[in-house]
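So the chains spell out like this:
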Amino acid sequence: MSTVSKVSVATKRLLLGRPFRSDTLGHTLLPKRIALPVFASDAMSSVAYAPQEIFLVLSVAGVTALAYTPWVALAVAAVMVVVVASYRQNVHAYPSGGGDYEVATVNLGPSAGLTVGSALLVDYVLTVAVSISSAAENIGSAIPFVQEHKVWFCVAAIVLLAAVNLRGIKESGAVLATPTYAFIVGVVAMLVWGFIEIYILGDSVRSEAADFEIKAENDHLMGVAFVFLIARAFSSGCAALTGVEAISNGVPAFRKPKSRNAATTLLMLGSIAIVLLLGIVMLAQKIGAKYVMDPAKDLIGAPEGYQQKAMIAQLAHAVFDTFTPGFYFVAIATALILMLAANTAFNGFPVLGSVLAQDRYLPRQLHTRGDRLAFSNGILFLALAAIVFIVAFGAQVTALIQLYIVGVFVSFTLSQTGMVRHWTRLLRTETDPRARRRMMQSRVINTIGLVMTATVLVVVLITKFTAGAWIAILAMVVIFVLMKLIHHHYATVQRELERAEADGDETVLPSRTHSVVLVSTLHLATKRALLYARATRPDVLEAITVNVDDRDTRKLVSQWEASDISVPLKVIASPYREITRPVIDYVRRVRRESPRDVITVFIPEYVVGHWWEQILHNQSALRLKGRLLFEPGVMVTSVPWQLSSSDRRKDDPSYWAPGETRRALGGDAEHR
């Protein structure tokens, strides 16, 4: 093995670790304490900026409108309660990992399932892009270098996160556990201490923005306009629900009993998220925190050059005014959770991609696992897609956020619809009164969830469509059509194979075998091909050469006649000095004369050790082989001749070859 190869293999093992055997899959599954940070980081990070979005929207109507923030937060919490309750039933009813996709497919049909699948795939990509961009923005406010190179920082963060997940979901969960739990502990401590200071110690806890007034864009909103503003704030606050669906898509990653552990983790996630959401909103209102679009224009009384802090940072600064380490702990934990929120997508996207691939809606490569028993191809595809969005939008959160949420609420709505139909179908045949009562209660919960999520979806589409949501919708449509085409291709191949089997094609033996050896010059590689062809005992064996140069052809014929080779050599004319076309025409002519014969074409090839040698050799053979593969009744056999340079590659495990490729890194599982 060369030094470069050794270094590349060592680097891969350092970054990803040693490969895992397939029978060790059970050791990579997640206990609840690890599953919570793996699947909760997105939902927890959403809680970090969802209250901020509520305050931002209501600030349009001035300070008085902020009085409605607790009610909006309660409405969001109510939706979350319903959604969590519904998804707890999902994981029990559909534990295979399909989540919303499986619910919609089974109860509403394949098209509805594909709609959910395309929506979730887009939303997972945007989750990574938004979370990483938001983290870069928060870190950049403290470190100017990151702000100046935000796009490159985001790309590096995505690459690092992908590498962590490629090591396996259990190891990535262990890495993510500390910052996720740190965020939860930090925010809970901030809320508890803040309320103790206010209600028990009687201290005056005030935000630095408490004495500022808000310059309202319209402080006389009434009737429908004001209701629409409240609805818009509600839809923005519903960003807190993103990530809830990830557990239903990741049930296969849990330890047994999978469904029960997933349902328990979902309950823990929902409970923590609701407590943090309501606590942040109520404490923010109590201490007079404010958040506006443009502080210089919208905050009256703010000093010149005032830098507006994020909502979480305002609370931490006010509560830990005399304890600076507490402020920095919350700030750092928030930045980390925003950066690592993308990990939920890195666990949900590959599993969903695997399920879609298993149903033949995506390439089969997405269905298989890599070295570390993670869905490597899904992880790599997600990372590349997120990087494309990051670069295209310059890592601007304001631009990316407009594309966000649409996909997840499309899946929420269709999933709730599917669950309502699921319970309705079961109620038609269930006779046990207790079971029927439980089913009816579940249907009521799902119906309420359907109404709520559908309302949010309509509001989101109305308020965000022209601002960029149309891009996400267009991406969903493109993915939907693409998955339909992929499924059509796989179905067509399957029908062809079934038709061939029905016709008995696989049992019909050829009447004779006709072997043809291609010859360009008389050397050892050619002689080996002739000997191998003879060893197959064909009914007819002949050698052919294409006359592209009269002098060379006469020389070859002379050498052939002078040798002891008994195989006849045929010379095929080529007036235009082509090689491929005359050979194809000759093979077709033989096929027409003997339709039941199988023709085997033996092509001598050099095996080389350097990439530049491949350019110098085998080009004609590769083109000819590619054309012959399309000819029915024709088999193509490569007869290798190893040049001395190939010795350096013989035992090199880093050298790519089809036989060395794992299913998760290339190749179609159906044809292996």
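Residues numbered from 1 in each chain as written. Predicted model: local features only at pLDDT ≥ 70, side-chain atom pairs only at ≥ 80, totals over all residues. Heavy atoms only, no water.

As annotated in an unreviewed UniProt entry, the protein is Amino acid transporter from Gordonia bronchialis. Word for word, the UniProt comment on the protein under Subcellular location (unreviewed entry) is "Membrane". (UniProt positions renumbered as here; feature names shortened; annotations may be inferred.)

**Focus: the overall build of the protein**
Scanning the protein for helices and strands turns up 25 helices and seven strands. Total accessible area computed for the protein in this model is approximately 32,100 Å², and 62% of it derives from carbon and sulfur atoms. (Helix = DSSP H or I, 4+ residues; strand = E, 2+ residues; numbered from the N terminus. Areas by Shrake-Rupley, 256 points an atom, 1.4 Å probe, with all protein chains shown as cover.)

**Things to note about the pairing of strand β6 (residues 598-607)**
Of all ten residues that make up β6, eight are buried, and the element is covered over most of its length. With nine bridges joining them, β6 and strand β7 (residues 634-642) adopt parallel strand pairing. Across the sheet, the residue bridging to Ile599 is Val634, located in β7. (Buried < 20%, exposed > 50% of the residue type's maximum accessible area, 1.4 Å probe, protein only. Pairing = 2+ DSSP bridges.)

**Looking at the sheet that holds β6**
Spatial ordering of the open sheet is given by β5-β4-β3-β6-β7, a layout of five strands whose pairing is parallel. At either end of the open sheet lies a strand with only one pairing partner, and these are β5 (569-573) and β7. On average, each strand axis in the sheet is inclined to that of its neighbour by 30°, with strand direction left out of account. Across the sheet, helix α20 (residues 524-535) lies against β3 (513-518), β4 (540-547), β6 and β7, angled at about 135° from β7, the strand it touches most. (Axes fitted to C-alpha atoms, helices over the stretch in contact; angles between N-to-C directions. Contact = heavy atoms within 4.5 Å.)

**What about the packing of aromatic side chains?**
All told, the structure shown has eight aromatic pairs when counted by the stated rule. A ring pair is formed by Phe195 and Tyr199, whose centres lie 6.0 Å apart and whose planes are at 25°; its orientation type is stacked. Of this pair, Phe195 and Tyr199 are both found in helix α8 (residues 169-200), four residues apart, which corresponds to roughly one turn of the helix. Between the aromatic rings of Phe389 and Phe393, the centroid separation amounts to 6.2 Å while the plane-to-plane angle is 10°, which identifies the pairing as stacked. For Phe389, a relative accessible area of 19% translates into the label buried. Among the aromatic side chains, those forming a connected cluster through ring pairs are Tyr87, Phe409 and Phe412. (Phe/Tyr/Trp six-rings, centres within 6.5 Å; stacked < 30°, edge-to-face > 60°.)

**Side note on the side chain of Gln416**
Tracing the chain through its elements places Gln416 in helix α18 (residues 406-429). Here Asn446 takes part through its side chain, which lies 3.1 Å from a polar atom of the side chain of Gln416. Look past the residues within four positions of Gln416 in its chain and what remains in contact with it is Val83, Ser86, Asn446, Gly449, Leu450 and Thr453. (Polar contact = N/O pair within 3.5 Å; in protein donor to acceptor, adjacent residues only side chain to side chain.)

**Things to note about the pairing of β5**
As judged from the five bridges shared by β4 and β5, these two strands associate in the parallel manner. Its bridge partner being in β5, Asn547 is matched across the sheet by Ala573. A crossover links β4 with its parallel partner β5, the connecting element being helix α21 (residues 550-562), and its sense is right-handed. (Right-handed = clockwise from strand over helix to strand, strands pointing away.)

**Here we look at the pattern of salt bridges**
The final tally for this structure, using the stated rule, is five salt bridges. A salt bridge links Arg588 to Glu631, with the shortest nitrogen-to-oxygen separation between them at 2.8 Å. Residue Arg588 is located in helix α22 (residues 580-593), and its partner Glu631 is located in the loop between α24 (619-628) and β7; the two are separated by 43 residues in the primary sequence. Classification of Arg588 by relative accessible area gives partly exposed; the value is 31%. Between Glu605 and Lys625 there is a salt bridge, with its nearest N and O atoms 2.6 Å apart. Taken together, the residues span a long stretch of sequence, with Glu605 in strand β6 and Lys625 in helix α24 at a distance of 20 residues. Relative accessible area serves as the criterion here: at 12%, Glu605 is assigned to the buried category. (Salt bridge = Lys/Arg side-chain N within 4 Å of Asp/Glu carboxyl O.)

**Quick notes on a nonpolar patch on the surface**
A surface patch of nonpolar side chains, about 430 Å² in accessible area, is lined by Tyr68, Trp71, Leu74 and Met282. Following the sequence through the fold, Leu74 ends up in helix α3 (residues 69-93). Classification of Leu74 by relative accessible area gives partly exposed; the value is 36%. (Patch = residues over 30% accessible without salt bridge, like charges linked within 9 Å, V, L, I, M, F, W, Y side chains within 5 Å.)

**Section: the layout of surface pockets**
In this model, the second largest pocket occupies a volume close to 720 Å³. Along the wall of the second largest pocket there are 30 residues; nearest its centre are Val519, Ser520, Thr521, Ile579 and Ser620. Residues belonging to the lining of the second largest pocket are distributed by class as follows: 15 nonpolar, eleven polar and four charged. (1 Å grid on protein atoms, 1.4 Å probe; cavity = no way out; pocket = protein on both sides within 12 Å on 5 of 7 lines; lining within 4 Å. Points joined across faces, edges and corners; volume = space filled by probe spheres on them. Nonpolar A, V, L, I, M, F, W, Y, C, P; charged D, E, K, R; others polar.)

**Observations concerning the side chain of Lys150**
With respect to the helices, strands and loops of the structure, Lys150 is situated in helix α7 (residues 150-166). Not counting chain neighbours up to four residues away, the residues in contact with Lys150 comprise Ala136, Glu137, Gly394, Ala395 and Gln396.

**A look at the packing of helix α14 (residues 324-340) against helix α15 (residues 342-358)**
Direction vectors running N to C along α14 and α15 enclose 25°, while the axes themselves pass 4 Å from each other. Taken together, the axes of α14 and α15 are roughly parallel relative to one another. Of α15, the residues touching α14 (which contributes Leu338, Met339 and Leu340) are Ala342, Asn343 and Thr344. (Parallel < 35°, antiparallel > 145°, perpendicular 65-115°, else oblique.)

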